[in-house]
Amino acid sequence: MLVKLGEYLQFPFVRYALLVGVLISLCSSLFGVTLVLKRFSFIGDGLSHVAFGAMAVATVMKLADQMLLILPVTALAAVFLLKRDQNGKIKGDAATAMISVGALAFGYLLMNRFPTSANIAGDVCSTLFGSTSILTLSKFDVFLSTALSVIVIVLFVLCYNRIFSVTFDTDFARTAGMNADRINLMIAVIIAVIIVLAMNLVGSLLISALIIFPALSAMCLSNSFFKVTVVSSCLAVISTLCGILASILWGTPVGSTIVAAEVIVFAVCRIAGGHVHI
Amino acid sequence: MALITVENLCLGYDGRAVVNGLSFQVEEGSYVCVVGENGSGKTTLMRTLLGLQQPLSGTITFDSSVASGEIGYLPQQSFIQREFPATVREIVLSGCIGKLGKRFFYSSREKQTAEDCMRRAEIEHLAERSYKELSRGQQQRVLMARALCAAGRVLVLDEPTAGLDPVFTEELYGLIEKLNKEGMTIIMVSHDLEAAMKYATHILHIGDTLFYGSRDEYLERSEGRFLLVQKESGACL
């Protein structure tokens, strides 16, 4: 088996997939801690459906660079959803559900009415559950994903103290003179970036798994915010590595194999560390 | 000059006034208890004083010596997540967030402030413990230490003893009294009239009748002699 793995690692596309996969899951796990603790777990799910809808529109419009449409639309939806939750007439979870299923329905409708290839069912399936696209990344894709991931990670490290403050108690952060709205806006935009990046990796239905599972697993094991953050990112990297390698070895779909690895890691942490109260 | 001057304040939400025509001044070093029935607008008043909410009308003026973000705030415990995975030290240190300015990380001076505040709240032995493992009373002290980190001279407390058992309640009142004696101005919302009478120097009563004055004046108020402001019906909007 190791020999077989060694052979695969000779291929640049396998190494690219591992690099991009690890970076993306690292980003999602870092901000996943905040989302889970702020009770926004479902926003990731909602946004990924928005991204799916935006991608359908981009496909139908035959845009050369789909990112240019998907990223801003998803970011706008993220800002809208996080804002809504603070003072909305429609409660946060209902707004998320509405936007989420709405975007999904319209996305599929568009793809079905204006097919761009003969195999619509295959297209839709691979957008929803991830395709082999992580294994067919172009050099530019790899560069873009890497650069964005690095920016996200650097921003997280620099704003760590502020992110902690708004996650634990936004009102207090405000009274202490911090510009909490700016950090919340930053978090919203970054979540959108992560989701758009992660669509390549696991597909839009499974993205929230990358965001919530490492955080929940880490909360079973550690009691300090710092440790939860560190453990969460380690677990995310390990499960993604295992998932991608396993999918290469056994020819399983990349996205669902990674998520399956996350679930197994969570089960292990839960048994080892006890309850997670969330 | 008074530390905080409130003039003709009208409070409420969704354009509906809860409190009308409220005026009072808080002097440095005083211990103000805000009392009133449920729903009379006590928490709304706190949030407005802290700038979390805009008043419908009226003004709140802080003495120029009170910089923004120098007010320590102890929120109602129900607003805080009790299961949050963080150590006591992490939470107390987050009280210094306003002092970061344009920097990204805490300096050793802020870390020292956090240690001092933990000592003042008598929780330094809990520094490495996880917040969620603590009792309600200990959690309240942690939030108190965090508020102290931010507090220059004013501490605003919203129902600090709600849900605490009598022993912790007494301890917490003792701590607040100690801080007040050290010169901290205290503004506390409370249900506990007995404690308000025992510790406060001034009472602010909001509800159908508005009253602000010293504790002794409040005690004589039953005769109606010191009713300062009468609620005007819907005068605000």
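Residues numbered from 1 in each chain as written. Chains lettered and ligands numbered in written order. Predicted model: local features only at pLDDT ≥ 70, side-chain atom pairs only at ≥ 80, totals over all residues.

*Asks:* Outline the overall build of chain B, listing residues and values.
*Replies:* When helices and strands are counted, chain B shows seven helices and ten strands. In chain B, buried positions account for 41% of the 237 residues. For chain B, the proportion of contacts with a sequence separation of at least 24, taken over those separated by at least 6, is 68%. (Helix = DSSP H or I, 4+ residues; strand = E, 2+ residues; numbered from the N terminus. Buried ≥ 20, exposed ≤ 12 C-beta atoms within 10 Å, placed from the backbone. Contact = placed C-beta atoms within 7 Å.)

*Asks:* Residue-level account of the overall build of chain A, with values.
*Replies:* Broken down by element type, chain A carries twelve helices and zero strands. Here the C-alpha radius of gyration of chain A, 19 Å, is about what a compact globule of 278 residues would show, namely 19 Å. Judged by the C-alpha coordinates and their principal axes, chain A covers about 55 × 45 × 30 Å. Within chain A, the fraction of its 278 residues that count as buried is 49%. (Rg over C-alpha atoms; globule rule 2.2 N^0.38 Å.)

*Asks:* Report on the nonpolar core, specifying residues and quantitative values.
*Replies:* Residue and element names in this part refer to chain A. Counting residues in hydrophobic clusters, the biggest one holds 156 residues, and the most contacted among them are Ile191 and Ala192. Per-element tally for this core: the top contributor is helix H9 (residues 180-202), with 16 residues. Sequence-distant contacts of Ile191, that is, excluding residues within four places in its chain, are made with Phe31, Leu35, Ile43, Gly44, Leu47 and Ala78. (Core = buried A, V, L, I, M, F, W, Y, C linked by C-beta atoms within 7 Å.)

*Asks:* Summarise the interface of chain B and chain A; cite the residues concerned and give the values.
*Replies:* Contacts between chain B and chain A engage 27 residues on the former and 26 residues on the latter. Secondary-structure elements contributing two or more residues to the side of chain B that touches chain A are strand E5 (71-74) and helix H2 (88-93) of chain B. The residue inventory of the side of chain B that touches chain A, partitioned by class, reads 17 nonpolar, eight polar and two charged. (Nonpolar A, V, L, I, M, F, W, Y, C, P; charged D, E, K, R; others polar.)

*Asks:* How would you sum up the sheet that holds strand E1 (residues 4-13) of chain B? Please name residues and give values.
*Replies:* Residue and element names in this part refer to chain B. Strand order across the open sheet formed by three strands is E2-E1-E4, with antiparallel pairing between neighbours. What marks the edges here is a single partner per strand, and that holds for strand E2 (16-26) and strand E4 (57-62). Adjacent strand axes in the sheet meet at a mean angle of 25° when their direction is disregarded. Helix H1 (residues 42-49) rests against E1, E2 and E4 of the sheet, and its axis sits at about 125° to E1. (Pairing = 2+ DSSP bridges. Axes fitted to C-alpha atoms, helices over the stretch in contact; angles between N-to-C directions.)

*Asks:* Go over the pairing of strand E3 (residues 31-35) of chain B, please, and point to the residues and values.
*Replies:* Put simply, side chains in a regular strand alternate between the two faces of the sheet. Residues and elements named next belong to chain B. Buried residues dominate E3, accounting for five of its five residues. Neither face of E3 is exposed, since Tyr31, Cys33 and Val35 on one face and Val32 and Val34 on the opposite face are all buried. Sheet analysis places E3 next to strand E7 (residues 185-189), joined by four bridges and oriented parallel. Within the sheet, the bridge partner assigned to Val34 lies in E7 and is Val189.

*Asks:* Outline the packing of helix H3 (residues 41-60) of chain A against helix H10 (residues 207-221) of chain A, listing residues and values.
*Replies:* Residues and elements named next belong to chain A. Two elements in contact, H3 and H10, have axes whose closest approach is 8 Å; the angle formed by their N-to-C orientations is 165°. Considering their axes alone, H3 and H10 lie roughly antiparallel with respect to each other. In the crossing of H3 with H10, the sense of the turn from one axis to the other is right-handed. Residues Ser41, Gly44, Asp45 and Ser48 of H3 pack against Ile207, Ser208, Ile211 and Ile212 of H10. Class assignment of the residues belonging to the contact of H3 with H10 gives a composition of three nonpolar, four polar and one charged. (Parallel < 35°, antiparallel > 145°, perpendicular 65-115°, else oblique. Left-handed = near helix turned anticlockwise from the far one by under 90°.)

*Asks:* Any chance you could break down the confidence of the model for chain A for me, citing the residues and the numbers?
*Replies:* Per-residue confidence for chain A gives a mean pLDDT of 85; residues scoring 70 or more make up 92%. Mean pLDDT values over the elements of chain A span from 73, in helix H6 (residues 120-129) of chain A, up to 93, in helix H11 (residues 225-250) of chain A. (pLDDT = per-residue confidence, 0-100.)

*Asks:* An account of the packing of H3(A) against H9(A) is requested, with residue identities and associated values reported.
*Replies:* All names here are of chain A. Contact geometry for H3 and H9: axes closest at 10 Å, N-to-C directions at 60°. Classed by the angle they form, the pair H3 and H9 counts as oblique. In the crossing of H3 with H9, the sense of the turn from one axis to the other is right-handed. Between H3 and H9, the contacting residues are Ile43, Gly44, Leu47, Ser48 and Ala51 on the first element and Ile191, Ala192, Ile195, Val196 and Met199 on the second.

*Asks:* Can you tell me about unusual backbone geometry, naming the residues and giving the values?
*Replies:* Residue and element names in this part refer to chain B. Phi angles above zero are rare outside glycine, and Asn8 is one such case at about 50°. Of note, the phi angle at Glu159 is positive, near 45°, even though the residue is not glycine. Among the structural elements, Glu159 can be located in the loop between strand E6 (154-158) and helix H5 (166-181). For Glu159, a count of 20 C-beta atoms within 10 Å translates into the label buried.

*Asks:* Give me the lowdown on the environment of A:Val193, citing residues and values where you can.
*Replies:* Residue and element names in this part refer to chain A. Along the polypeptide, Val193 turns up in helix H9. Judged by local crowding, Val193 falls into the buried class, with 20 C-beta atoms found within 10 Å. Excluding its chain neighbours within four sequence positions, the residues that come into contact with Val193 are Leu71, Leu148 and Val152.

*Asks:* So, the pairing of E2(B): which residues are in play, and what are the values?
*Replies:* Residues and elements named next belong to chain B. Where E1 and E2 come together, seven bridges link them in antiparallel fashion. The residue bridging Tyr13 from the neighbouring strand is Arg16, located in E2. Between the end of E1 and the start of E2, which pair antiparallel, lie two residues, with Asp14 showing a positive phi angle near 50°.

*Asks:* Hey, could you go over the environment of B:Pro55 for me, with residue numbers and the actual values?
*Replies:* All names here are of chain B. You can see Pro55 is positioned in the loop between H1 and E4. The exposure class assigned to Pro55 is buried, which follows from the 20 C-beta atoms found within 10 Å. Here the alpha-carbon distance between Pro55 and Tyr212, two residues 157 residues apart in the chain, equals 19 Å. Other than its neighbours up to four places away in sequence, Pro55 contacts Leu9, Cys10, Leu11 and Thr48.

*Asks:* So what's going on with the confidence of the model for chain B? Which residues, and what values?
*Replies:* All names here are of chain B. Taken as a whole, chain B shows an average pLDDT of 83; of its residues, 90% reach a score of 70 or greater. For chain B, strand E10 (residues 229-230) is the element with the lowest average pLDDT, namely 42, and H2 is the one with the highest, namely 94. Note on residues 223-237: pLDDT is under 50 here. Beyond four places in sequence and across chains, it has 34 contacts. With pTM at 0.86, the complex prediction returns an ipTM value of 0.84.

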